[in-house]
Amino acid sequence: MTHSFSDNEQINVVSTFLALVNSSFQGNCNAMCWHRNLLGDFEEITHKLQLKENITEISVEDLFALRLTPNGNLARETILKDIQLLTDFGASPSLNLLKNYERDDELDFISTDVYSYHVDRSPIETDTFLCTYFGPASDILPQNQVQQKILIPEIRAKLKQLYHGPEAEFEAFLVENFFDLHYLAKTNAQSVNLGSGHLWRLAVDHPTQQVSPCVHRAPLEKNGEYRLLLIC
């Protein structure tokens, strides 16, 4: 089940890029949204770009090479401006044309791909920025509506069967294999869909973070429809 992100204590909605990057996460707020209603035809850009792999990184040169209608050009100008804003801020934005992400089906009792609810971890002080220009968008959940998968008794028991090292190093094994980053939505959890055109900043798990990291997941793609996503 999904619901709106207005009046949600997990989300701080702002109206400028400066507010997006300068506002602090605090309390239950671990997601920041620069709410926008973008003009332009982002579908046209998505259809005219060439998919080379399931995840194809699109360069600024690739964007400039497209022959677009006035509405398509309007969308391109917005994407280029977003890339410049994030680059000037010190981030390394990547524009991706997505067919699908790689699935993790090696273990039938726990998934560690991006379609599973998870948090991002970083050794440096940073945040995750993302904007879906076209196609389905990601979902987020507050920490009190999820349970860490490694704490679910049946999953933990199976992970212990998988592990063959000393008991004292079991927790390190969970971290090294990213099992600790993944979560299961509780019954009646209400996810928030991030929608199209909004630029989001999500809290990441790192040593200096003052709030819990933002739990999120990638959407299942629609058959024959690509996503256009800016992320860093």
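Residues numbered from 1 in each chain as written. Predicted model: local features only at pLDDT ≥ 70, side-chain atom pairs only at ≥ 80, totals over all residues. Heavy atoms only, no water.

## Some thoughts on the packing of aromatic side chains
If you walk through the whole model with that rule in mind, you get nine aromatic pairs. Positioned above the aromatic ring of W34 is the side chain of R36, whose terminal nitrogen or guanidinium carbon lies 4.5 Å from the ring centre. A cation over an aromatic ring shows up here: R201 above the ring of F25, its NZ or CZ 4.3 Å from the ring centre. (Phe/Tyr/Trp six-rings, centres within 6.5 Å; stacked < 30°, edge-to-face > 60°. Lys NZ or Arg CZ within 6 Å of the ring centre and 35° of its normal.)

## Side note on the side chain of N30
Mapped onto the elements of the fold, N30 is located in the loop between helix 1 (17–22) and strand 3 (31–34). One polar contact links the side chain of N30 to the main-chain carbonyl oxygen of S212, over a distance of 3.1 Å. Each residue touching N30, except ones within four places of it in the same chain, is listed here: Q10, F25, R201, L202, A203, V211, S212, P213 and C214. (Helix = DSSP H or I, 4+ residues; strand = E, 2+ residues; numbered from the N terminus. Polar contact = N/O pair within 3.5 Å; in protein donor to acceptor, adjacent residues only side chain to side chain. Contact = heavy atoms within 4.5 Å.)

## Considering the environment of E57
Here E57 shows up in strand 4 (residues 55–58). Overall, the relative accessible area of 54% leaves E57 in the exposed class. Those residues in contact with E57, other than ones at most four positions away along the chain, are D62, S94, L95 and N96. (Buried < 20%, exposed > 50% of the residue type's maximum accessible area, 1.4 Å probe, protein only.)

## Some details on the pairing of strand 4
Here strand 4 shows one buried face, formed by T56 and I58, and one open face, formed by I55 and E57. Pairing between strand 4 and strand 5 (residues 94–98): four bridges, direction antiparallel. Its bridge partner being in strand 5, I55 is matched across the sheet by L98. (Pairing = 2+ DSSP bridges.)

## A look at the state of the cysteines
With the rule as written, the count across this model stands at zero disulfides. C33 provides the cysteine sulfur closest to C131, a residue in no disulfide bond, and the two sulfurs are 9.3 Å apart. With no disulfide of its own, C214 has C29 as its nearest cysteine by sulfur position, at a separation of 9.1 Å. On the basis of relative accessibility, which here comes to 0%, the residue C214 falls in the buried class. (Disulfide = S-S within 2.5 Å.)

## Considering the side chain of S94
Structurally, the position occupied by S94 is in strand 5. At a separation of 3.0 Å, a polar atom in the side chain of S94 contacts the side chain of N96. Those residues in contact with S94 that lie beyond four places of it in its chain are E57, L229, L230 and I231.

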